[in-house]
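Notes for the structure review
This is what each chain is made of:
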Amino acid sequence: MHILVINCGSSSLKSSVIDHRTGARVGSCVVERVGQEGSRMRFNGEWEPLDAPNIEGALKIVVPRMVENLGGATITAVGHRVVHGGVAFDRPTLITPEVEKAIEDNFQIAPLHNPPNLAGIRAARSVLPDVPHIAVFDTAFHATMPRRAREYAIDHKVAEAKNYRRFGFHGISHEFVSHLAAKHMEQDVRDLRIITCHLGNGCSVAAIEYGRSVETSMGMTPLEGLVMGTRVGDLDPGLLIQMQRDGMSLDEVDAFLNRDSGLKGLSGVGNDMRDIEARAAEGDERCRLAIQVFAHRVRKYIGAYAAVMGGVDAIVFTAGIGENSEVIRHRISQRLDYMGAVLHEDLNRDAKVSHESPVFEISTRNSRVRLLVAATDESLQIAREAAKIVEARQATKGAERGIPVAVSARHIHLTQEAVEALFGPGYKLTERNPLSQPGQFACNETVTVVGPKRQLENVRILGPTRPDNQVEISRTDEFFLGLDAPVRASGDVANSPGCKLVGPHGTYEMKQGVICAWRHIHMHPDDAEYFGVSDKDVVEVAIQGTSRELIFGDVLVRVSPKYKLEMHIDTDEGNAAELSKGAEGALLSATDGNALLRRRKTRFDEVAE
Ligand code: AMP
C-alpha cells in the first residue's frame, strides 16, 4: 500500500509517500517557514519557493504534487503524526470528527505540538476526503506503562482532575527500533527486554519489556528525563519555585528550561553535538562537561531501566546522536560491563546505519547484552501503523463469533518435587474434574499459600504436574498475602516473588512463581485464522450483555493445536464485568481504536446525561 505520511509543525511540514512493506519512498516533500519570508519547499530533492499563507495552503500544493508523482498509483491511506494522545488515545486511531475533537481537547497539555498537527489533519482531509486518515501518536506506545511508572507522587485528586501524569514521547521511534533490534537478533520482540535510547535533538530512553513499554524518561511533557539539545531534562522541582522567587516570570522559566538549557545551556556554544564534540576535542572545558553530563544521565537511566525490567537483553542507540556519535556511545557504554554489556571499540568506530542497512552491532562476541545502533524511521512506522488499521478493518469485517469467557479462581500448578514435599514421597495428584483445556484437570488436593502478611487456605491444585511451580492469584489476593506479583503469561515466572506452601505432609518454599495471570485467550490455530490473529498478539475483548459491560484491553492471544477457544480472566476481572456462567466476549479489532473511543464516549455520554 502507498501511505502518505504527514508530520506537520507550526511552520514546517514533512511528508512522504511510502510503500509500507518495503519502506521505499515514492516521493517526499519538506516545506519550511510556511507563511514567513523565504518560505520554500523541497520536492524530491529540489528546492523551490513556496507561495502559501499557511499549512492548509501548503498542503493544497503539496498533496496534489505527491499524487501526481505516483504516476497512476493511488494513495490508500494517510498517516498523521500527532505528538500528544493524552488519555483518550492509547493506539493509532482512524480519524473522525470526534477524534479531531478529542485531539483538540488535548491542546492544553501539548500547546506547541497538537494545534499544528490538527491543522495538518484538517487540511489533508479536505484535500483527500475519500481515503482513511489515521492519527499515530508519540505517546501511544507508552500507554502500557504500569501505574507505578505513570504516576507522579502528588495529590491523586488533583492528578486525576488535571491529568497530571507521565505519558512519555518518541513512542513511534522506540517501537520501531525495538522491532529492528529483535529482527536483527532473530528473536521475537515479545521475548526480549530492550532499552532503547533515542538521542537526537530531543532525547529519551525507554524500557521495553517483552514488546511493551514499561518505563520511559519523558513525562507529562517532553521536558523530563535526559539532557537534550536545548531542554533541561530532570531537574529538582524546587528549582522552578526558586527561579520564580528570584524574579523570573512563568514565560521566562519556560523559555529558559525548554530553549536555553540542555547541551546549549551547559556548553554555551549551541545545541549541536557535532560542534560540542569538536570544541571538546580542542580542550573546551564547558563542552567536555556538557558531554559528560549528557552521557552520565543516559547511563544512569540504563542502569535504572535494567533494574526495572530485572535484566536487559539489548541496548539500542538511535536518532541523530545515537546513530552518528561514536564518542557518545563510547562514553555511555564504557562502564556498562558490570551488567554484561561490553562495547567493541572498533565496531563502535565503524558503525554506519541507513534505511537500507538499519542495524549495526557494536558489542563484543561475548557480550551478554547486545549493543546495537539502529536507524530510526518514524515515517515508515507511521505508514505501517496506518496500513495495519486499513488491513484490520478489512480483516475483521464479519468476525462476529463470540469467545467463551471463563473466570479462573486462584490456583496453583506444582512440580512433582513440590507435590511429594507437600503430600508425601511418591504421591500422585488425583483428578477431581476435567477442565476445558484438553488434558488439564482440577485436583482433589489443595494447599495453603503463605505470604508475608497473611495466608490463603484451600488453594486448588491444577494437574498435571509441570516443570515449574506457579501460583496464580488476583490483585486482591496479592494485597491480602502482602506480595508484589507481576502480571505474567503462564510459565513466565522468572524474577517473580516466591511464597511458602503448606500441605498435609509438609511445607515447601517456592523461590519464585507467584504471578497475576495475564488475561488471555486460548485459541486453536483454526480459531486464530478465523479471527485474523497470531500467537502472542494482544487484543481487546468486549464483554456485553452484563449489567457492567466492559472492554478488556491488553488480552494476550495464545495459539496451539492443543487449545480450545476460551478466554481466561481472574476473579477480580470477572467481578468487574459482573460476569456470569456462559458469558461470551467479542474480539475487537486489535487496532481500531476509533471504535473504542466511540464506544467509550457513547457510554460516558449516556451516563452523563
Ligand atoms: P535528530 O533530532 O534525530 O535529527 O538529531 C539531531 C542531532 O543529532 C543534531 O543536533 C546533532 O547534535 C546530532 N548529530 C547528528 N550527526 C551527528 C554526528 N555525526 N555526531 C554527533 N552528533 C550528531
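Residues numbered from 1 in each chain as written. Predicted model: local features only at pLDDT ≥ 70, side-chain atom pairs only at ≥ 80, totals over all residues. Heavy atoms only, no water.

Details of the sheet that holds strand 25 (residues 520-523)
- Pairing in this closed barrel of six strands is mixed, and the strands run 15-28-25-27-26-29 around the ring. Mean inter-strand twist for the sheet, computed between neighbouring axes without regard to direction, equals 40 degrees.
- Summarising the sheet, strand 25 and strand 27 (residues 550-559) pair through four bridges and their orientation is parallel. Pairing of His522 across the sheet is with Arg558, part of strand 27. (Pairing = 2+ DSSP bridges. Helix = DSSP H or I, 4+ residues; strand = E, 2+ residues; numbered from the N terminus. Axes fitted to C-alpha atoms, helices over the stretch in contact; angles between N-to-C directions.)

With respect to the site of the ligand
- As a matter of local geometry, the ligand sits amid Gly200, Asn201, Asp272, Met273, Arg274, Glu277, Ala319, Gly320, Ile321, Asn324 and Ser325.
- Take Ile321: an N or O atom from its main chain is 3.4 Å from an oxygen atom of the ligand.
- Taking 500 Å² as the accessible area of the ligand by itself, protein coverage stands at 71%.
- Mapped by element, the contributors of at least two residues to the shell around the ligand are helix 10 (273-281) and helix 12 (319-324). (Near = heavy atom within 4 Å. Polar contact = N/O pair within 3.5 Å; in protein donor to acceptor, adjacent residues only side chain to side chain. Areas by Shrake-Rupley, 256 points an atom, 1.4 Å probe, with all protein chains shown as cover.)

Description of the UniProt feature "active site" (unreviewed entry) in the chain
- The feature "active site" (unreviewed entry), as annotated in UniProt, sits at Asp138 in this numbering.
- Relative to the helices and strands, Asp138 is located in the loop between strand 8 (133-137) and helix 4 (147-150).
- Residues in contact with Asp138, not counting those within four places in the same chain, are Arg81, Val82, Val83, Gly168, Phe169, His170, Gly171 and Ile172.
- At a separation of 2.8 Å, a polar atom in the side chain of Asp138 contacts the side chain of Arg81. (UniProt positions renumbered as here; feature names shortened; annotations may be inferred. Contact = heavy atoms within 4.5 Å.)

Re the sheet that holds strand 9 (residues 193-199)
- If you trace the six strands from one edge of the open sheet to the other, you get 11-10-9-12-14-13, paired in mixed fashion. The open sheet has two edge strands, strand 11 (212-216) and strand 13 (359-361), and neither has a second partner. Neighbour-to-neighbour, the strand axes of the sheet open up by a mean angle of 25 degrees, direction not taken into account.
- One ladder, built from five bridges, connects strand 9 with strand 12 (residues 314-318); its direction is parallel. By the bridge assignment, Ile195 is partnered in strand 12 with Ile315.
- Relative to the sheet, helix 11 (residues 285-309) contacts strand 9, strand 10 (203-209), strand 11 and strand 12, its axis offset from that of strand 9 by approximately 160 degrees.
- The sheet strands contacting helix 13 (residues 326-333) are strand 9, strand 12 and strand 14 (370-374), and the helix crosses strand 12 at an angle near 155 degrees.

Notes on the packing of aromatic side chains
- Counting across every chain of the model gives four aromatic pairs.
- Ring centres of Phe89 and Phe137 lie 4.6 Å apart, and the angle between their planes is 10 degrees; this geometry places the pair in the stacked category. Of this pair, Phe89 sits in the loop between strand 6 (77-82) and strand 7 (93-94) while Phe137 sits in strand 8, placing them 48 residues apart in sequence. By the burial criterion, Phe89 is buried, and Phe137 matches it.
- With centroids separated by 5.1 Å and ring planes inclined at 25 degrees, the aromatic side chains of Phe423 and Tyr427 adopt a geometry described as stacked.
- If you follow Arg65 out to its NZ or CZ, it ends over the ring of Phe43, 4.5 Å from the centre.
- When the ring centre of Phe167 is taken as origin, the NZ or CZ atom of Arg165, which lies over that ring, is 4.2 Å away. (Phe/Tyr/Trp six-rings, centres within 6.5 Å; stacked < 30°, edge-to-face > 60°. Buried < 20%, exposed > 50% of the residue type's maximum accessible area, 1.4 Å probe, protein only. Lys NZ or Arg CZ within 6 Å of the ring centre and 35° of its normal.)

Thoughts on the pairing of strand 6
- Of all six residues that make up strand 6, six are buried, and the element is covered over most of its length.
- The side-chain alternation of strand 6 yields two buried faces, one formed by Ala77, Gly79 and Arg81 and the other by Val78, His80 and Val82.
- Direction of pairing for strand 1 (residues 2-8) relative to strand 6: parallel, over a ladder of four bridges. Within the sheet, the bridge partner assigned to Ile3 lies in strand 6 and is Ala77.
- Relative to strand 8, strand 6 runs parallel, the two sharing five bridges. Bridged to Val78 within strand 8 is His133.

Some remarks on helix 2 (residues 97-105)
- Taken together, the buried positions of helix 2 are Val99, Glu100, Ala102 and Ile103. One face of helix 2 carries all of its buried residues, which in axial projection span an arc of 160 degrees. (Arc of directions from axis to C-beta.)

Notes on the pattern of salt bridges
- Enumeration according to the criterion identifies 35 salt bridges in this entry.
- Linking Asp105 and Lys101 is a salt bridge whose minimum nitrogen-to-oxygen distance equals 2.9 Å. Taken together, the positions of Asp105 and Lys101, both in helix 2 and four residues apart, correspond to about one turn of that helix.
- Residue Glu573 is joined to Arg519 by a salt bridge in which the shortest nitrogen-to-oxygen separation is 2.7 Å. Of this pair, Glu573 sits in helix 19 (residues 571-576) while Arg519 sits in the loop between strand 24 (514-517) and strand 25, placing them 54 residues apart in sequence.
- Among the charged side chains, a salt-bridge network with shared partners connects Glu100, Glu104, Arg122 and Arg125. (Salt bridge = Lys/Arg side-chain N within 4 Å of Asp/Glu carboxyl O.)

Regarding the nonpolar core
- One finds Ile195, Cys197, Leu199, Phe294, Ile302 and Ile315 to be the most contacted residues of the largest nonpolar core, which totals 43 residues.
- Only strand 9, strand 10, helix 10, helix 11, strand 12, helix 13 and strand 14 provide two or more residues apiece to this core.
- The element contributing the most residues to this core is helix 11, with 11 residues.
- When neighbours within four sequence positions are excluded, Cys197 is seen to be in contact with Ser204, Val205, Val298, Ile302, Ile315, Val316, Phe317 and Thr318. (Core = buried A, V, L, I, M, F, W, Y, C linked by side-chain atoms within 4.5 Å.)

Focus on unusual backbone geometry
- Each neighbour pair has its own omega, and for Gly463 with Pro464 the value is 0 degrees, a cis peptide bond.
- Considering the arrangement of structural elements, one finds Pro464 in the loop between strand 19 (455-463) and strand 20 (470-472).
- A positive phi angle, near 55 degrees, is found at Asn458, a position not held by glycine.
- Relative to the helices and strands, Asn458 resides in strand 19.
- Residue classification places Asn458 among the exposed positions, given a relative accessible area of 60%.
- Backbone geometry at Glu578 places phi at a positive 50 degrees, although glycine is not the residue there.
- Looking at the secondary structure, you find Glu578 in the loop between helix 19 and strand 29 (584-588).
- Note on Glu578: relative accessible area 40%, which makes it partly exposed.

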